[in-house]
Structures are given as structure tokens and as C-alpha cells.
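Each chain, written out:
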There are 2 protein chains.
Amino acid sequence: MKPSFSLRLKVFNLNCCFDLALLQEVWSEQDFQYLRQKLSLTYPDAHYFRSGLIGSGLCVFSRHPIQEIIQHVYTLNGYPYMICHGDWFCGKAVGLLVLHLNGLVLNVYVTHLHAEYSRQKDIYLAHRVTQAWELAQFIQHTSKNADVVLLCGDLNMHPKDLGCCLLKEWTGLRDAYAETQDFKGSEDGCTMVPSNCYVSQQDLGPFPLGIRIDYVLYKAVAGFYIYCKTLKTTTGCDPHNGTPLSDHEALMATLYVKHSPPQEDPSPAHGPSERSALISVLKEAWTELGLGVAQARWWAAFAGYVTVWGLFLLVLLCVLAVGEGAREVAILLWTPSVGLVLGAGAVCIFHRQEARGLCRAQAELQHVLRREKKTQDLGSEPHLAPS
Amino acid sequence: MKPSFSLRLKVFNLNCCFDLALLQEVWSEQDFQYLRQKLSLTYPDAHYFRSGLIGSGLCVFSRHPIQEIIQHVYTLNGYPYMICHGDWFCGKAVGLLVLHLNGLVLNVYVTHLHAEYSRQKDIYLAHRVTQAWELAQFIQHTSKNADVVLLCGDLNMHPKDLGCCLLKEWTGLRDAYAETQDFKGSEDGCTMVPSNCYVSQQDLGPFPLGIRIDYVLYKAVAGFYIYCKTLKTTTGCDPHNGTPLSDHEALMATLYVKHSPPQEDPSPAHGPSERSALISVLKEAWTELGLGVAQARWWAAFAGYVTVWGLFLLVLLCVLAVGEGAREVAILLWTPSVGLVLGAGAVCIFHRQEARGLCRAQAELQHVLRREKKTQDLGSEPHLAPS
């Protein structure tokens, strides 16, 4: 690598002068193949992340050769019986591409988390926090020899939401919108705006001016420095034909990566204040997942009782069908009762699995919390050098 | 780290003088908690990997503090309707522990892959090969700053099986049994032996003398050297009470890690012959998964047709029930027909998801194949230095 290393990286658009285009909600593989063909001259490398029943919807187009590809499908992603929401069928995931640019190892992550359908009564909160934790863990464990880490995607979380804080505190990723020198686009960087004709007032809920739920996040290891020179969003409609590209505004970032002398390293190791913020957010996430576990267990128990009562009902219907008095009623109720037993049984199994998934994330959080607290306690000992 | 670095690591037993005990098929979390309590003095750190409906069955006990924990649940793991085999319900996974031993970073992986119920007609082959590939990918992407990598577990594959070769070729892991200086135990290192009273002749199939499907695999990065001083297996029964600990024989390895001067580095980068072996096994795996995709699509299509015919049958039954002639027959056939539609619909959805999972692994294999072939072609150019 040259000593005076400098790299400019343009990210996240379908405009052909960008290095990377990272898309979400491309549900049809045919659409991806069409785009791949159309863009093949400018973006020779591309990948579609297959997952679930419908697909993760994630794909990427790159001007630079993709060296390595891997993906992780989130353990929890909503409920199969919430057909109107549909997230469960997508198999939401995080995809990783490793690029080598002038000797620099760049790990690019693209993801899409579970949607928030009601902010007041968000039944998917525990799932989204678990996804944010799995995303953070996946980034931490797969980026150990990366010089620069870039995460782009639709996180379906506001900037101060628990999952977003957990992700940023645990990975050290910084928000391009908060750090850019030059921002142009919709007010407050919102990516769901009322001027977009695909966005209804109901989608925005208590935020009629718009919400920011799509992100470009980045970090560099010691020895490198990354900053966002410009960040742009579209603003609700395409100037050419008046139709927006999507219901979300696109983000376009120009990032610069440079060598930084060790003394100017802008990302110091976890100091006492950072550690205390991390511990606080880990605790909050642990508590939130605990509520999720309790709810999952309640539903599993409820569905279990319904299954048992449904079995009793089936026995009763058999007895009635043998007798003469209520044979017709018994035969009519037979199919719905079998449906009740099977449906409730499936719901019971699903929520038991959900509880197990939440417990798993809780155990990982607990392990990290214990370790961080131990380091904090050691750090406060006067005879030890500050960590 | 001391310059004359040397580390002895004893792995894989419940005997208290070992550093790490890695267990599979501990299906009950209560059993794990019991073991954790009993072993807490000798093994202060322990972890149970929760997953699926029953659990992954994986747990680990460590004499050294576990620094980091993460797990990956395999995308494909058998069929939910194969209740007698049950693998689907376990949510089989790979667990990773990161340990720091005298400054050395040790990544320990523990796993359990899908069982092979019939070697002649192995309907799970494509799933097991996909699991082996996901395992290899997970190891490659999460061990980038590890000095030593250790993989232990029940791979349910013979040493020369496709999945086993794929795993070893892609990760560079070496087999303790093939390399140890001192082996004691069952013949040919078998871990399922006929002298074990829990093993039936049917389990061994065409290998009446035993099979080797449990492994200790390892590698070290340049600068370190790892070797297996002793490897032992139990031999079918406990000398104290005559009852084996499990239906598989336990493996006990004593591994040594030492600094190696660069010129003595025993694990050179991929040369032309290693690359050619890798390409060959990648191709074979790609072909095998292609057969799996075709089969999954056939089942999805078949179940789809059955669903459509079932719907026709329901309409016909409605018509018959309205008339007088065959009302009783129509009412009797109603419940089985609804069951047929729902069951066939679920099977169709499941196999579509299976095909997508296999395609995903195929796409990753294809990407690696393309890159490796490119490097091979470049390497054969006379004006280039050998890679």
C-alpha cells in the first residue's frame, strides 16, 4: 500500500458514477437479473442475497471486484401468522461483501431490519432489538481484519432508538448524517418524507414531518481515518418524471479514507465514559428482551392451553357424533376444531422457539455485560493503569 | 507475548484435567445447568448454545475465561415432516468461543451436523454439504485475527466424504487423527463402534467395524505451529461401570502450540496443487447442490399440484354436500381434504425455501470458484511469479 494512501468512495445510488449501489426490497430475482444486465458495463460485479420464502430483498452492485461474500439470516423476524405485515416471509438478513481497494480491506454490510408498524404498540420491538444485536455481533466478528467497515441499509429505527444505540455503541460505527461536512436533501436527513407520494400520513404516525430510518454508518481501524464529505438524499420525487424511485429516499454518500498518524487516531479505545454508555445500553437491551421472553412464554402457554382444550373438544365431538342428538352440529364443528388444535399447536411451537431465540440474545448480552463490568471495576482500581 | 511462546491445550473430555470440554446432544438445558454447577470449580466459564425448538444440544465448559461468544444456525437442517429423524427440530448450529491464552487468540468452534440415516439413499446429503459449506464460511470469516483455530464436533461425515473435504480444503483445517504422534483408542479412530452397547448394527450400515464421524480439527496462522501430541478415544464402555458415556466415543486431544520461525512455517499459502484440489471439491459440491435444488423444486412443484387438486376436491365436496345424493360422504371427506390442502401447501412453501437456501450456497460456491479459477489462470501465465 502506498504510504500517502487516499481513497474516495461513492456509495449508494443507481447513478452510474457511484462505486457501490446497495439496494433493499428488490423482492424479485428477475428484477435483480434485469438490473445486473443493464448495469453490467459500469458495475461488473453484483450479488443477490437469497433467503427465506420471498427473499431478503438485498442486492449490491459494485464497480470493484467482490472478493468474498457471506450472509447471516436473522434468528427472529416477526410472526408467520401476521400475513398482512409479511416480514416473516422475507427472511431478513445482513449481507457482507469484502472488497480490496488499493490494498485496503473494506467490509461492506447491507441490511434491512423488521418494520415498525405502530410506534405506540410495537409488538416487534424485541425482535428488532435482537436483530440489531445480531447485526452488531456479525459485524464485530467478521470485520476483525477489515481496515474500513461500512454499513448501509434500512434499519427501521429512529436514530435514538434502543436498537440503533446498541448497534452504534457495540460496533463503534458512526453516522454519516451526524458527521458529514455537507448535507443536501430532505429536512433532518429524513428518508421517509410526506412529499413522497408513496408515503401515507399513517406510515409517518406521530412524525408528520418525516423520519430518518435509512443509514450510512462507517468506521476505520487505527491507522486509517474515514469521513463523509457529502451526503445527499432524494426529496420525494424524481425531477425528470415526478415519480419517486421508492417509498424511502435514497442516500448518496461520498466517503474519503485516509491514512492517519497514530497520534491523530480519531477513534480511541473504550474509555470510562464510552464503557459506561455501552453498559447502560446493554442493560436496557437485556431488560427489553426480558419483556419479550415473558410475552413469548405467555403466548406459548396460552396457545398450549388452547391446544389441550381443542383436543378435549374433539373428544366431545366424537362422543356427540356417535349419539343421535347433536350429530349434525358435531360434524359441522369437527373441521374448525381440528383447525383450532393444529393452529394453536403451531403457534405454541413458534412462540417457544421465539422465547429460545430471545434467551439466546439475552445470554450473549449478559456475557458481554459481565465482561464490560469486570473491566470497568478493574479500571477503577487506583493501582491499575486506565484501560 | 513471551518470545519463547509455548502452550499446551487439553481438549474434549469431562475429566477435570482438561482445558476445554465440548459437548454435543445435551438436549436439556437443565442437564447443562446441572453440569455447570457440578463443574463450576474446575470450569469457571460455560455456555449453552440455544437454538431451534429443542436446542442445538451444544455446550462448552472452559477452564479459561471465554472472551467472546457467537453462534450461527444452519439455514438448512432436514425436513419438519420427518418427525422420526427429528434433526429439523434441534436447530443445528455452530458455536464460537474466543479465548485469550497468554496473548494468543484461540477461536474454538463446536458443531453438530445433520445425521446420515442411510448411506445408500441419503436424502440429507445436499443439506449436510450446505451445512459443511456454511461452517467453513463461518470459520473463515470469523477467524481472521485468530492465531489458532480449533473445530470439534460430530460432523456426521466420514473422513473422505464431500462435505468433510470441502470443509478441510476451504479452511485449511487439519485432522488431529491423521496427524497425531500418539493415538490410543478404538480401531481406525472410529467414534461409532460396534462394542458400544448403544450402537446397533443398523446404525453402522455397511461399516460393521465402526465409523469415524467425530473430529478434532485445527490450524495455526503463520508464525505459530500447532500439533497434536496425543489423541485418545474411549472404546465402547466405561471401565468403572461398563456403561458407555454416549453412543459416540469421546475424543481427548492434547495439543501443543508453539512459535514457528517464518522459514519453518508448515502451512504454506495455496500452491497450484492445493488450488487444483480446492477447485475440484468446490465443483463437486456445486454439482451436488444442483441435484438438491432440482429435487427441492420437484417436491415444491408436486406439493403445489396436490394443493391445487385439493382445492378442486374441496369445491366438489361443497357441491356434493349441497345436493342430497352423497352428502354424508362429502361431509366425512371434508376434514381430510382441508388437511391435504394445508399440508401440501406447507410442504410446497418449505421446499421452495429449501431450494432458495441451496441456491444461495451454490451462488457462494460459484463466486469462490470463479475467483480461484481466475487466480489459477493468472498463475499459469509465464510472466507472473507463482502465487
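For every chain, the first residue of its written sequence is number 1, and the numbers climb from 1 along that sequence. Written order decides the labels, with chains lettered from A and ligands numbered from 1. In view of the model being predicted, local features appear only for residues whose pLDDT reaches at least 70, and side-chain atom pairs are presented and counted only at 80 or more, with totals across whole chains, interfaces and linings using the full set of residues. Side-chain measures here rest on the full set of heavy atoms in the structure, leaving out hydrogens and waters.

Asker: Residue-level account of the relation of the copies chain A and chain B, with values.
Answerer: Residues below a pLDDT of 70 in either copy are left out; the C-alpha atoms of the rest, at least 70 in both, set the least-squares superposition of the copies. Of the transformation superimposing chain A on chain B, the axial component is 0.0 Å and the angular component is 180 degrees, with the fit at an RMSD of 0.0 Å. Both chain copies can therefore be described as sitting about a two-fold axis. The share of interface residues of chain A whose copies in chain B are also at the interface is 97%, consistent with both copies meeting through the same surface. Whether two residues are in contact is decided by their heavy atoms, any of which lying within 4.5 Å being enough.

Asker: Summarise the interface of chain A and chain B; cite the residues concerned and give the values.
Answerer: Often the size quoted for an interface is simply the accessible area lost on bringing the parts together. Counting from both sides, the interface comprises 38 residues of chain A and, opposite them, 37 residues of chain B. Here the quantity called buried area is the total loss of accessible area, with a 1.4 Å probe, experienced by two parts when brought into contact, counted for both. Contact between chain A and chain B buries roughly 3,800 Å² in total, counting both sides, with carbon and sulfur atoms accounting for 55%. Per-residue buried area on chain A facing chain B is highest for A:Leu53, A:His141 and A:Arg356; these three make up 18% of the total on that side. Every case where a carboxyl oxygen of Asp or Glu lies within 4 Å of a side-chain nitrogen of Lys or Arg is listed as a salt bridge. Inspection of the region where chain A meets chain B yields two salt bridges. Between A:Lys144 and B:Glu68 there is a salt bridge, with the nearest N and O atoms lying 2.8 Å from each other. Counting of polar contacts relies on pairs of N or O atoms within 3.5 Å, with two restrictions inside protein: one atom must be capable of donating a hydrogen and the other of accepting it, and residues adjacent in sequence are counted only when both atoms are side-chain atoms. Where chain A meets chain B, there are 17 residue pairs in polar contact (both at pLDDT 80 or more). Looking at the side of chain A that touches chain B, the elements that each hand over two or more residues are strand S3 (45-48), strand S5 (66-73), strand S6 (93-101), helix H3 (125-142) and helix H8 (327-380) of chain A. Only DSSP runs of H or I reaching four residues or more are called helices, and only runs of E reaching two or more are called strands; each is numbered from the N terminus.

Asker: Which residues make up the UniProt feature "domain: Endonuclease/exonuclease/phosphatase" (unreviewed entry) in chain A, and what are the values?
Answerer: UniProt positions are given in the numbering used here, feature names are shortened, and annotations may be inferred rather than shown by experiment. In the UniProt entry, the feature "domain: Endonuclease/exonuclease/phosphatase" (unreviewed entry) is given for residues 19-220 of chain A. With 25% helix and 28% strand, residues 19-220 of chain A has its two end C-alpha atoms placed 18 Å apart.

Asker: Account for the environment of A:Ala220, naming residues and giving values.
Answerer: All names here are of chain A. Take Ala220: it is sitting in strand S11 (residues 214-220). Take Ala220: its relative accessible area is 11%, and that puts it in the buried class. Taking the C-alpha atoms as reference points, Ala220 and Leu342, 122 residues apart in sequence, are found 52 Å from one another. For the exposure calls, accessible area comes from a 1.4 Å probe over protein chains only, and a residue counts as buried if that area is under 20% of its type's maximum, exposed if over 50%, partly exposed in between.

Asker: Outline the domain arrangement of chain A, listing residues and values.
Answerer: All names here are of chain A. In this entry, domain limits derive from an automatic or database-based domain assignment. The domains assigned to chain A are domain 1 (5-259) and domain 2 (272-379). For domain 1 versus domain 2, the distance between C-alpha centres works out to 31 Å. Contact with domain 1, which involves 20 residues of that partner, is made by 23 residues of domain 2. For the pair domain 1 and domain 2, the two sides together bury roughly 1,800 Å², of which 75% comes from carbon and sulfur. Of all residues in domain 1, the largest losses of buried area upon contact with domain 2 belong to Trp133, Leu162 and Trp170, amounting jointly to 30% of the total for that side.

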